[in-house]
Amino acid sequence: MTVMAGLTETHPDVVEPVTVAVIGTGAIGRDLVSKIDRSPALDCRLVAGRNPGSAGLRYAESLGYATTADGIEAVLAAARPFDVVFDATSAAAHLDHWPLLEPLGTLVIDLTPSKVGQMVAPTVTGTSAATGRNVNLISCGGQASVPVVHALAARFPVTYLEVVSTVASDVAGRATRLNLDEYVATTGHAVSTFSGVTDVKAILNISPAVPPATFRTAVHARMAGADLAAVRAVVDRAAEEVRSFAPGFEAVACTAVDDLVTITLQVTAHSDVLPPYAGNLDIINSAAVMVAEQYAARPDRASRTGVTS
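Now for a quick tour of the structure. Because the structure is predicted, anything quoted here is derived from the model rather than measured.

Thresholds, definitions, all that
Residues numbered from 1 in each chain as written. Predicted model: local features only at pLDDT ≥ 70, side-chain atom pairs only at ≥ 80, totals over all residues. Heavy atoms only, no water. Axes fitted to C-alpha atoms, helices over the stretch in contact; angles between N-to-C directions. Helix = DSSP H or I, 4+ residues; strand = E, 2+ residues; numbered from the N terminus. Parallel < 35°, antiparallel > 145°, perpendicular 65-115°, else oblique. Left-handed = near helix turned anticlockwise from the far one by under 90°. Contact = heavy atoms within 4.5 Å. Nonpolar A, V, L, I, M, F, W, Y, C, P; charged D, E, K, R; others polar. Core = buried A, V, L, I, M, F, W, Y, C linked by side-chain atoms within 4.5 Å. Buried < 20%, exposed > 50% of the residue type's maximum accessible area, 1.4 Å probe, protein only. Salt bridge = Lys/Arg side-chain N within 4 Å of Asp/Glu carboxyl O. Pairing = 2+ DSSP bridges.

1. Overview of the packing of helix α1 (residues 27-37) against helix α10 (residues 279-296)
- Interaxial distance between α1 and α10 falls to 9 Å at its minimum, and their mutual angle equals 45°. Put simply, α1 runs oblique to α10. Of the two possible hands of crossing, α1 and α10 adopt the one that is right-handed. Side by side, α1 and α10 meet where Ala-27, Ile-28, Asp-31, Leu-32, Lys-35 and Ile-36 of the first sit next to Leu-281, Asp-282, Ile-284, Asn-285, Ser-286, Ala-288 and Val-289 of the second.
- Across the contact of α1 with α10, the residue classes break down as eight nonpolar, two polar and three charged.

Put into structure tokens, the structure is as follows:
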């Protein structure tokens, strides 16, 4: 795993726009399309779902994009491979999709917790030459917590990490609920991988509260003798880097009781289609778009995939 501490160039110059397709037209797919639409580096050529009446397909049509209810079959049948395919379906579906997409030489950005591809958190890993053609965005909780736990473990003797994310019920769709086991396993694996801490736990709460709860992730870290002011400084630096692509990300609290430090992270959605409390979808989609934009800026991308825009 390639790790880059303190990555600052998250918006490099683009060589030329890349062609992209989106598979999945639920809430996450709809917001993803809206973010792609705002990116000069990404040229959306197809939005593929299964339900011809879905709000996601209607939204993509309203933006003038080609749409289909034939799912991945339409992506595979395209006259030429897309440079990038975003998979915003489910972990189980991605296990079926990847063997079909792999021969195309495209970059697949997986927004499900399938744990098939190389895990990426933009400000921690970047998209170095070592990045494979299947990039996994971990989970919403992973995108919120990994930059912080990575920074903490690099500076302090952390012996235990627990990551507890809370999402509003009405933005936790069917795929999210089906993926709960995969979410917990993949998020925990990412927290351990990027921190080097072996004793970790990941939890996802789906809150039915009214009004809906804004997406939050609490990071509990055991570290003996850590100075709270020093901890807060490390967390604030990590949060500032994440805001380079997800402006609604912030550390709202940092407390310590004995050797247990608790950091509360909150993400407010900056979206054309999501309510502000849907930061869980906003942060993973923002990360996905950033990875695609970083890929578009790589001069070696054509030689790696064998396709061009």
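2. Brief notes about the nonpolar core
- Counting 76 residues, the largest nonpolar core has Phe-86, Ile-109, Leu-152 and Ile-263 as the members making the most contacts within it.
- Considering each element in turn, this core owes the most residues, 11 residues, to α10.
- For Leu-152, the contacting residues outside a window of four places in its chain are Val-158, Met-223, Val-231, Val-234, Val-235 and Ile-263.
- In terms of nonpolar packing, the next biggest core, distinct from the first, is built from 12 residues, Leu-46, Ala-74, Trp-98 and Leu-101 among them.

3. Regarding the pattern of salt bridges
- Applying the stated criterion to the full structure yields seven salt bridges.
- The partner of Lys-35 in a salt bridge is Asp-282, and the shortest N-O contact between them spans 2.9 Å. Separated by 247 residues along the polypeptide, Lys-35 in helix α1 and Asp-282 in helix α10 bring together distant segments of the chain.
- For Lys-35, a relative accessible area of 6% puts it in the buried group.

4. So, the pairing of strand β8 (residues 158-168)
- Summarising burial for β8: nine of the 11 residues are buried, a large majority.
- Direction of pairing for β8 relative to strand β10 (residues 216-223): antiparallel, over a ladder of eight bridges. When the sheet's bridge partners are listed, Thr-166 is paired in β10 with Arg-216.
- With eight bridges connecting them, β8 and strand β9 (residues 200-207) associate as parallel partners. The partner of Val-163 across the bridge, within β9, is Ala-202.

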